[in-house]
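# Report on the structure
Here's the letter readout for the chains.
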Amino acid sequence: MPLTLIVGPANAGKVALLLNSYLADRDRSPVLVVPSRADVDRVERDLLGRAGALVGGFIGTFDDLFTQIARSDGTAKPLLSEAQRRLAARAACARARLSRLARSAQLAGFVDALIETVAEVESALLEPDDLGGDLAQLYRAYRQELSRLGAWDRDGERRYAVERLTRDLDAWDGRPVYVYGFEELTALQWALVEALAARAEVTIALPYEPRRAAFAALERTVADLARLADGRLRVLTPLPDAYSHPALSYLERALFREEEPSSPPPALGGAVRFLEAAGTRGALELVADEIMTLLRSGVAAEEIAVVCPSLDRYRAALETAFSALALPYAWEGHLRLGQTPFGRALVSLLRFVWLEGGRGDLYAFMRSPYSGLRRDHVDFLEGRLRGRAVRSRQAVEEETVRLRGQPLPFLDAVAQAPSPALAVRTMAAFMLRQAYGTAAPPATEAASLDLRAYEAATRAAQEMEDWVSLGGSLEPGDALSLLERAPVALALGGAPGRVPVLDLMRARARRYEVVFVLGLEEGVLPRRGDSCGLLDEDTRRWLEGRAPSIRLRRSDPVARERYLFYAACTRARSRLYLVREAATDDGGPRQP
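A few points on the structure. (Residues numbered from 1 in each chain as written. Predicted model: local features only at pLDDT ≥ 70, side-chain atom pairs only at ≥ 80, totals over all residues. Heavy atoms only, no water.)

## Side note on the sheet that holds strand E6 (residues 233-235)
Selection criterion: A pair of strands is labelled paired if DSSP reports no fewer than 2 bridges between them. Helical segments are the DSSP runs of H or I of at least four residues, strand segments are the runs of E of at least two, and each set is numbered from the N terminus. An axis is simply a line fitted to the C-alpha atoms; with a helix, the fit covers only the stretch in contact. Between two such axes, the angle follows the N-to-C directions and lies from 0 to 180 degrees.
Sheet architecture is open: 6 strands sit in the order E3-E2-E4-E5-E1-E6, paired in parallel fashion. Looking along the sheet, the strands with just one partner apiece sit at the ends: strand E3 (58-60) and E6. Strand-to-strand twist of the sheet, defined as the mean angle between neighbouring strand axes without regard to direction, takes the value 15°. Sheet analysis places strand E1 (residues 4-8) next to strand E5 (residues 202-207), joined by 5 bridges and oriented parallel. Bridging from a neighbouring strand, threonine 4 pairs with threonine 203 of E5.

## What about the side chain of arginine 86?
Rules: Exposed residues in this analysis have more than 50% of their type's maximum accessible area, buried residues have under 20%, and partly exposed residues fall in between, with area computed by a 1.4 Å probe over protein chains only. The contact definition used throughout considers only heavy atoms, calling two residues in contact when any of these lie within 4.5 Å.
Mapped onto the fold, arginine 86 is located in helix H4 (residues 82-95). Look at arginine 86 and you get buried, because its relative accessible area is 9%. When near neighbours in sequence (up to four residues on either side) are disregarded, arginine 86 contacts Ala108, Val111, Asp112, Ile115, Ser481 and Arg485.

## Overview of the nonpolar core
Keep this limit in mind: We define the nonpolar core as a collection of buried residues of types Ala, Val, Leu, Ile, Met, Phe, Trp, Tyr and Cys that are connected through side-chain atoms lying within 4.5 Å of one another.
One finds Val306, Phe322, Leu362, Phe410, Leu483 and Phe516 to be the most contacted residues of the largest nonpolar core, which totals 114 residues. Discounting chain neighbours no more than four positions away, the residues touching leucine 362 are Leu349, Phe352, Val396, Thr400, Leu408, Phe410 and Leu411. Within the second largest apolar cluster, 69 residues are counted, among which are Trp152, Leu206, Ala507 and Val517.

## Here we look at the sheet that holds strand E13 (residues 512-517)
Taken in spatial order, the 6 strands make up an open sheet running E7-E14-E13-E8-E12-E9, and their pairing is parallel. At either end of the open sheet lies a strand with only one pairing partner, and these are strand E7 (272-278) and strand E9 (329-331). Adjacent strand axes in the sheet meet at a mean angle of 25°, parallel and antiparallel pairs treated alike. Against the sheet, helix H12 (residues 311-324) touches strand E8 (304-308), E9, strand E12 (499-503) and strand E14 (572-583), its axis set at about 165° to E9.

## Section: the packing of aromatic side chains
For clarity, the cut-off: Ring geometry is summarised as follows: Phe, Tyr and Trp rings, the Trp one being its six-membered ring, pair when their centres sit within 6.5 Å, and such pairs are stacked at plane angles under 30 degrees, edge-to-face over 60 and tilted between the two. Think of it as a cone above the ring: NZ of Lys or CZ of Arg counts as a charge over the ring if it is within 6 Å of the ring centre and within 35 degrees of the ring normal.
Evaluation of the coordinates by the stated rule reveals 14 aromatic pairs. A centroid spacing of 4.9 Å and a plane angle of 70° characterise the contact between phenylalanine 365 and phenylalanine 410, whose relative ring orientation is edge-to-face. Here phenylalanine 365, found in helix H14 (residues 359-366), pairs with phenylalanine 410, found in helix H17 (residues 409-415); they are 45 residues apart in sequence, far enough to count as distant. Here a set of aromatic residues connected by ring pairs shows up, and it is made of Tyr208, Phe215, Tyr563 and Tyr566. The ring of tyrosine 314 carries the charged tip of arginine 313 above its face, separated from the ring centre by 4.9 Å. One cation-aromatic arrangement involves arginine 562 over phenylalanine 256; the distance from NZ or CZ to the ring centre is 6.0 Å.

## A short note on the layout of surface pockets
Defined as follows: Using protein atoms alone on a 1 Å grid, points that fit a 1.4 Å probe yet trap it form a cavity, whereas open point sets bounded by protein on both sides within 12 Å along at least five of seven lines form a pocket; residues with an atom within 4 Å of a point count as lining. Grid points are joined across faces, edges and corners, and a volume is the space filled by probe spheres set on the points. For this classification, Asp, Glu, Lys and Arg are treated as charged, while Ala, Val, Leu, Ile, Met, Phe, Trp, Tyr, Cys and Pro are nonpolar and the rest, including Gly, are polar.
In this structure, the second largest pocket spans a volume of roughly 1000 Å³. Taken together, 41 residues line the second largest pocket, and the ones lying closest to its centre are Arg42, Ala509, Arg510, Arg511 and Arg571. Only helix H1 (14-24), helix H2 (37-51), E5 and helix H23 (557-569) provide two or more residues apiece to the lining of the second largest pocket. No other element matches the 7 residues that H2 contributes to the lining of the second largest pocket. Of the residues belonging to the lining of the second largest pocket, the class tally is 19 nonpolar, 6 polar and 16 charged.

## A closer look at the pattern of salt bridges
Cut-off, in case you're wondering: Counted as salt bridges are all cases of a side-chain nitrogen of Lys or Arg within 4 Å of a carboxyl oxygen of Asp or Glu.
Across all of its chains, the model carries 55 salt bridges by this definition. As a salt-bridge pair, glutamate 127 and arginine 159 come within 2.6 Å of each other at their nearest N and O atoms. With glutamate 127 in the loop between helix H5 (110-123) and helix H6 (133-149) and arginine 159 in helix H7 (residues 154-167), this pair connects stretches of sequence that are 32 residues apart. Residue arginine 159 is classed as buried on the basis of its relative accessible area, which comes to 12%. Between arginine 374 and aspartate 376 there is a salt bridge, with the nearest N and O atoms lying 2.8 Å from each other. Of the residues examined, arginine 374 reaches a relative accessible area of 58% and is grouped as exposed. Judged by its relative accessible area of 46%, aspartate 376 falls in the partly exposed class.

## Observations concerning empty space enclosed by the protein
Applying the stated criterion to the full structure yields 2 cavities of 30 Å³ or more. The wall of the largest cavity is formed by Thr280, Ala283, Leu284, Tyr314, Leu518, Gly519, Glu521, Val579, Arg580 and Glu581. Broken down by secondary-structure element, the contributors of at least two residues to the lining of the largest cavity are helix H11 (279-296) and E14. Per-class residue counts for the lining of the largest cavity are 5 nonpolar, 2 polar and 3 charged. The calculated volume of the second largest cavity comes to roughly 30 Å³.

Okay, structure coming up:
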C-alpha cells in the first residue's frame, strides 16, 4: 500500500485534513502519531471538539508506536532509562581498550558525547563492525554491557520493533497510520514508515513548499517520502482564513522568499509589532507590559505564547519580569533536579556525606528551608566555622555538632542508609516534611515545583534500585550524578489561565492568537550548532556513502533555524511581536 503525502506551507490545513481523516477511520482503530507527549492531550481535546467522543484508535508519539510494536509479542526486555543508559555507557568506557580516545575518555563530558554518538549510530542501524578504531570498541563494549544486563536502551527497543515489523506478519494488523509534526527522519523512523506503508495505509502531513528557502532543511525528507508515496501526493495552498489580519498572511507568503508576492504589502495595522530594549531583562519587561495589556483587553492567557530560542537563556530574567507584574505563566520543558531549590539542597547534602564535601555543601543544605533549622542559627554556626577556618568534612561535622550541642540527624540518616537509593528516598521525604509539615497540603507555585522535584528524586531512587537488580554496580558518585541529572517536568504549557513559554521546537505545531518571538539579535538566532558527539561530518558522509539506508548527515543548521523561525512567525492568528535586544545588559550594542 503506497504512502500518502500531504504537503503545503504553514496553516494550509494539512493537520486539519489529517485529523478529519483520522476521525473518518475510527471504525478501523487508526493510529495517530503526534510530535511530542505534550501534544497528545491537546490533540485529544481538539478531536473531542470535532467529534464529541473518541472510541477506538490510538494517539501517541513515534516512541509510543515503537514500544507498542516491540512489546506486543511478549518477549520484551527491561528498558533502561536515560540515567541507566549513562551508567551503562560509563561501564563501557571503563571496559573498552582505547588508544586515540584514551585521554579524552577520562574527561567529565566524554560519557555524554558517547551516549549521543551511540544514539546516532543505533538510529542509523549501524553495527560495531561498520565503524572503526576506538569508536567501534566503545560501541561494541556498550552493546556487550546491555547484553550482560539483559536490557534494551530506547534505540534497541526501536530497532527490535523495526526488525519484528519486517519479519513477523502478526506485528501489525493493518490499522491505518496518520503522522504529522516532524521534519527529519532517523534511519529507524524511516524503516518503520517503510515497513508500515507495506502493510497499511500511511498518511503523513509535512510542511513544505518547493523552491522556498524556508523549507530547505526539509527537502531531503520530502524527496524520500515522495518516492515512497509513488504519486499519492496532495499539495495544499494557504487557507484564506488562517489569519485574522492580511499582514500576517502576507508575512507568511513573503518570509524567506526570493520573489515578492504578487499582491502589494498591506498596512501592518498593529498585526506585526516590533519591541526593542536594552538587555534581556529590559526586553522581557516590555513583553510583560504588553501581555498585561492584552490580558486586560480580554485575550485569554493560554492564547498568548512566548517563544524563546532557548528556555535556559531567558529563564531567570523572564521569571523576574513576569513575577513583578504577577503574570500567570507556565514553562514547557524540563529542568535537571540539580537546578531546582529542592534538588540543590539534596545534592549538596549527599555530596558532603558521600564525596567528602566541604563546609559550603553542608551549610547550603542547612540554610535551605528543607533542613528544619532556623536560618539565624545556621548563620551563627557557619560564622563560627568561618572564623576558625574549618573546612574539611570531618572537622566541619564535629565542630558543628559541638557548637549545637546535639547531633545532626540528617547526616546520620544518609551515612547509615544501606544503599544510595534508600538514602535518597529517606532524605527526600524528610526534606518535604521539614519544609511544609503534614497539617495542610502546600498550594504555592514554589511548593508545586518542590513536589515535582520530590517525584523526580523518588523516580531516580527507583532507577538506582532497578539498575542494581539488573546486575549493575552503583557507586555513590554515580548515584549523585544520576540524581543531579534527573529530569523535573515543569508545568505544562497550554494550561488554562497561564501564558505558555516554550522553545522553537515545541511551538512549531501550535497556534495562538498572539505570539512573542524572542532572540532577534546576532548570536542568539540562528543558534550555534548542537554538539556532534564523536562523529564528524566527514565520517557521517563516508558511512552514508556505504549504504543508502544509513541516515546520519544532518540538515544545514542555518537552514534548520530558518525553518523554525518561519514556523514561529506563522503561529499567530491575530498579532505577532518580534522582540530584540538592542544592547547587552552591560550597555554594549548588539547586531540585529
